[in-house]
Amino acid sequence: MDSVKELLILLISSSLVSNVVLSQFLGLCPFLGVSKKIKTAVGMGTAVIFVITLASAVAGVIYKYVLQAFGVEYLQTIVFILVIAALVQFVEMFLRKAMPSLYEALGVYLPLITTNCAVLGVALTNVQKEYGILAGIVNGFATAVGFTISIVILAGLREKMEYNDVPKAFQGMPIVLITAGLMAIAFCGFSGLL
Amino acid sequence: MSKVTERLYNGLVKENPTFVLMLGMCPTLAVTTSAINGLGMGLTTAAVLALSNMIISVFRKIIPNRVRIPAFIVIIASFVTVIQLLLEAYIPALNDALGVYIPLIVVNCIILGRAESYAYFNPPIPSLFDGVGMGLGFTVALTCIGAVRELLGAGTIFGFGVMPDSYTPIGIFVLAPGAFFVLACLTALQNYIKLKGEKAGKDRSRFQSGCNEDCMNCSDSGCARRFYDTGAEKKEGEN
C-alpha cells in the first residue's frame, strides 16, 4: 500500500477523480456557505487542509494503537467525533499562543470545521478502506486539497455571477447549486484519468 | 389536536426538515440515487432521531448547560453505532449501499438541531414523537427525491420499470451532478413559494432551524459554533 507510486495515485484520485464535495457531497455546508469571495474561500480551504491532514493522522494513530489494540473498533464513530472536536479546539488554542499570524488567517474558520462531515468522513473512509497511517494522511491531505480546489473555483464563479441577471426564484442558493452541478459535470471528466 | 399528533404533523408537513427547514443536505444529495436508498437512509435517520431525542429529553435535567453539546453528540453517536451494527447484521445490502453515510448521521444537523431546540426543553413522550415526526418528514422527502432521480435517471421506481421502453434514461440524474440540479430546482421552488407568500403578506420567517439561522446560507456545518458558546444562555423553547 505504501509505495510511492500508489500514494501518488491516491493523491490524484482523492483530490480530483472522487472529489470530496462534487462527487461525495461531504463538506457541502461550508462549500455553499463560505464561497462568496475568493479570499475567504482560500482561508477556509487552508484551514480545512490543515485540520483534515492533522485529524486523519491522529485518528489513524488512535485507531491502530487504541481501538484495534483493545478490540473495540465498533466505537470508532464516537471516538473519532470526540477526537476531532477536541483536536480543533486544541489547535485553535495552540495557534493563538504560538503562531498569532497564522491564527489571524485561519482563526475564524477553525471552529466552523469541528463537525464538518468531510473531516469525520475522511477519518471513517481511511478505516473502511484499510489505509495505513501514512496512506491515511495522504488521503486526508488530498481530499482537503480537492475541497480547496473546488471551493476556490466556485468562489471565482460566484464573484462573476454577482453582475448577472438571474431569474428571481433562482437568486441566491439555487443558482449556486446549478453552478456546482455544472462543476460536478466537469469533474466527471477526471474519471478517465486513472 | 393532541400533543402527539401535533408533533407528527409538525415534522411531516409544517416544518418538514428537508423541504421547509433545508436541514441535513449532505445525505439528502448523496444517498438519493434511488427511492429505496432514500427510504433506507430516511428510516435509519428517523430511528436515531427518535431515540436520541427521547434519551436527551430524559436526561435534560441532569445534563449541565455548558457541556450539553458534547453530551448530545455522545448520545447521538452511541445510537448511530447501535443502528449501524444492527444494519450490518440484518440488512447488509442497505449497509453497503449507504456506506460511510450511516456513521455520518452523527453530524447531520437535523438531529443536533432537534435536540437543541426541542428535546432539551420538553418531556420525553412529546420529544420522542417530535423525533418520529421529523424523521418521517425526512424519510418522505428523501424517498420523493430518490424516486424522481431514479425515474429520470433509470426509468424505474423502487426497481420496477414504469417508463415505456422508448424512454431513454437521462443517466446524469443518478450521478452526482443530477443531485445538485434536483436540489437547485427544489430550492428555487421554495424561494418562489416564499416570494409569493411575502407578496400576500404572510410572514414565513418563523420557519427556522434550531440555531435561528438559514441552514442553506450558514457556513457553520453541523452548527459547530455551538461547541464554543460557553455563555450560558438557555433559550426558551421556540415552538
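Note that the coordinates shown come from a computational prediction; the quantities given were computed from them, not determined experimentally. (Residues numbered from 1 in each chain as written. Chains lettered and ligands numbered in written order. Predicted model: local features only at pLDDT ≥ 70, side-chain atom pairs only at ≥ 80, totals over all residues. Heavy atoms only, no water.)

**Some words on the overall build of chain B**
- Each helix and strand in chain B was counted, giving 9 helices and 2 strands.
- If you list the helices and strands of chain B from N to C, you get α-α-α-α-α-α-α-β-β-α-α.
- Relative to its full complement of 239 residues, chain B shows a buried share of 55%.
- Looking at chain B alone, contacts between residues at least 24 apart form 76% of all its contacts between residues at least 6 apart. (Helix = DSSP H or I, 4+ residues; strand = E, 2+ residues; numbered from the N terminus. Buried < 20%, exposed > 50% of the residue type's maximum accessible area, 1.4 Å probe, protein only. Contact = heavy atoms within 4.5 Å.)

**Side note on the overall build of chain A**
- Across its full length, chain A holds 9 helices and 0 strands.
- Helices and strands appear in chain A in the N-to-C order α-α-α-α-α-α-α-α-α.
- Here the C-alpha atoms of chain A give a radius of gyration of 18 Å, agreeing with the 16 Å that 2.2 N^0.38 yields for 194 residues.
- Projected onto its principal axes, the C-alpha positions of chain A cover 60 × 45 × 30 Å.
- Out of the 194 residues belonging to chain A, those deemed buried represent 52%.
- Nonlocal contacts in chain A, meaning residues at least 24 apart in sequence, comprise 78% of its contacts between residues at least 6 apart. (Rg over C-alpha atoms; globule rule 2.2 N^0.38 Å.)

**Considering the environment of leucine 51 of chain B**
- Along the chain, leucine 51 of chain B turns up in helix H3 (residues 35-58).
- Distance from leucine 51 of chain B to glutamate 88 of chain B, taken between C-alpha atoms, is 19 Å for residues 37 residues apart in sequence.

**A word on the interface of chain B and chain A**
- Of the residues lining the interface, 43 residues belong to chain B; the matching set on chain A comes to 46 residues.
- A buried area of about 3,800 Å², summed over both sides, lies between chain B and chain A, and 77% of it is on carbon and sulfur atoms.
- Seen at the junction of chain B and chain A, the total is 0 salt bridges.
- Here chain B is connected to chain A by 1 residue pair in polar contact (both at pLDDT 80 or more).
- At the level of secondary structure, the elements contributing two or more residues to the side of chain B that touches chain A comprise helix H2 (25-30), helix H4 (68-90), helix H8 (176-199) and helix H9 (225-228) of chain B.
- Ranked by the residues each element gives to the side of chain B that touches chain A, the list is headed by H8 of chain B, at 12 residues.
- Along the lines of polarity and charge, the residues of the side of chain B that touches chain A split into 31 nonpolar, 10 polar and 2 charged. (Buried area = accessible area lost by both parts, 1.4 Å probe. Salt bridge = Lys/Arg side-chain N within 4 Å of Asp/Glu carboxyl O. Polar contact = N/O pair within 3.5 Å; in protein donor to acceptor, adjacent residues only side chain to side chain. Nonpolar A, V, L, I, M, F, W, Y, C, P; charged D, E, K, R; others polar.)

**Digging into the packing of helix H3 (residues 38-70) of chain A against helix H7 (residues 117-128) of chain A**
Residues and elements named next belong to chain A.
- The N-to-C vectors of H3 and H7 enclose an angle of 40°; their axes lie 9 Å apart at closest approach. One way to sum up the angle between H3 and H7 is to call them oblique. Handedness of the crossing formed by H3 with H7: right-handed. Contacts between H3 and H7 involve Val51, Ile52, Ala55, Ser56, Ala59 and Tyr63 from the former and Ala118, Val119, Val122, Ala123, Asn126 and Val127 from the latter.
- Grouping the constituent residues of the contact of H3 with H7 by class yields 10 nonpolar, 2 polar and no charged. (Axes fitted to C-alpha atoms, helices over the stretch in contact; angles between N-to-C directions. Parallel < 35°, antiparallel > 145°, perpendicular 65-115°, else oblique. Left-handed = near helix turned anticlockwise from the far one by under 90°.)

**Overview of unusual backbone geometry**
All names here are of chain A.
- For phenylalanine 25, which is not a glycine, the phi torsion comes out positive at approximately 60°.
- Of note, phenylalanine 25 is situated in the loop between helix H1 (4-17) and helix H2 (28-33).
- With a relative accessible area of 3%, phenylalanine 25 lands in the buried category.
- Within the chain, glutamate 130 stands out as a residue other than glycine whose phi angle is a positive 55°.
- Looking at the secondary structure, you find glutamate 130 in the loop between H7 and helix H8 (133-161).

**Observations regarding the side chain of glutamine 76 of chain A**
Residue and element names in this part refer to chain A.
- One can find glutamine 76 in helix H4 (residues 76-98).
- Accessibility expressed as a relative area gives 18% for glutamine 76, which makes it buried.
- Setting aside anything within four residues of it in sequence, one finds glutamine 76 in contact with Tyr63, Leu67, Leu124 and Val127.

**Some remarks on the pattern of salt bridges**
- Going through the model one piece at a time under the given rule, you end up with 5 salt bridges over all chains.
- For glutamate 92 of chain A, the salt bridge identified is with arginine 96 of chain A, shortest N-O distance 3.7 Å. You can see glutamate 92 of chain A and its partner arginine 96 of chain A sitting in helix H4, 4 residues apart, about one turn around the helix.
- Given a relative accessible area of 10%, glutamate 92 of chain A falls into the buried group.
- With its nearest N and O atoms 2.6 Å apart, the salt bridge here joins arginine 7 of chain B to aspartate 130 of chain B. Note that arginine 7 of chain B is positioned in helix H1 (residues 3-14) and aspartate 130 of chain B in helix H7 (residues 124-154), a separation of 123 residues in sequence. Here the two residues arginine 7 of chain B and aspartate 130 of chain B agree in accessibility, since each one is buried.
- One salt-bridge network, in which partners are shared between bridges, spans Glu6, Arg7, Arg114 and Asp130 of chain B.

**Observations regarding the packing of aromatic side chains**
- Taken as a whole, this structure holds 5 aromatic pairs over all chains when the rule is applied.
- Ring centres 5.4 Å apart and planes at 50° place the aromatic pair phenylalanine 25 of chain A and phenylalanine 180 of chain B in the tilted group. Placement of the pair is phenylalanine 25 of chain A in the loop between H1 and H2 and phenylalanine 180 of chain B in helix H8, with the two residues belonging to separate chains.
- On the basis of relative accessibility, which here comes to 0%, the residue phenylalanine 180 of chain B falls in the buried class.
- With centroids separated by 5.4 Å and ring planes inclined at 75°, the aromatic side chains of phenylalanine 72 of chain B and tyrosine 120 of chain B adopt a geometry described as edge-to-face. In this pair, phenylalanine 72 of chain B is assigned in helix H4 and tyrosine 120 of chain B in the loop between helix H6 (109-119) and H7, connecting sequence segments 48 residues apart. Here phenylalanine 72 of chain B matches tyrosine 120 of chain B in class, with each residue buried. (Phe/Tyr/Trp six-rings, centres within 6.5 Å; stacked < 30°, edge-to-face > 60°.)

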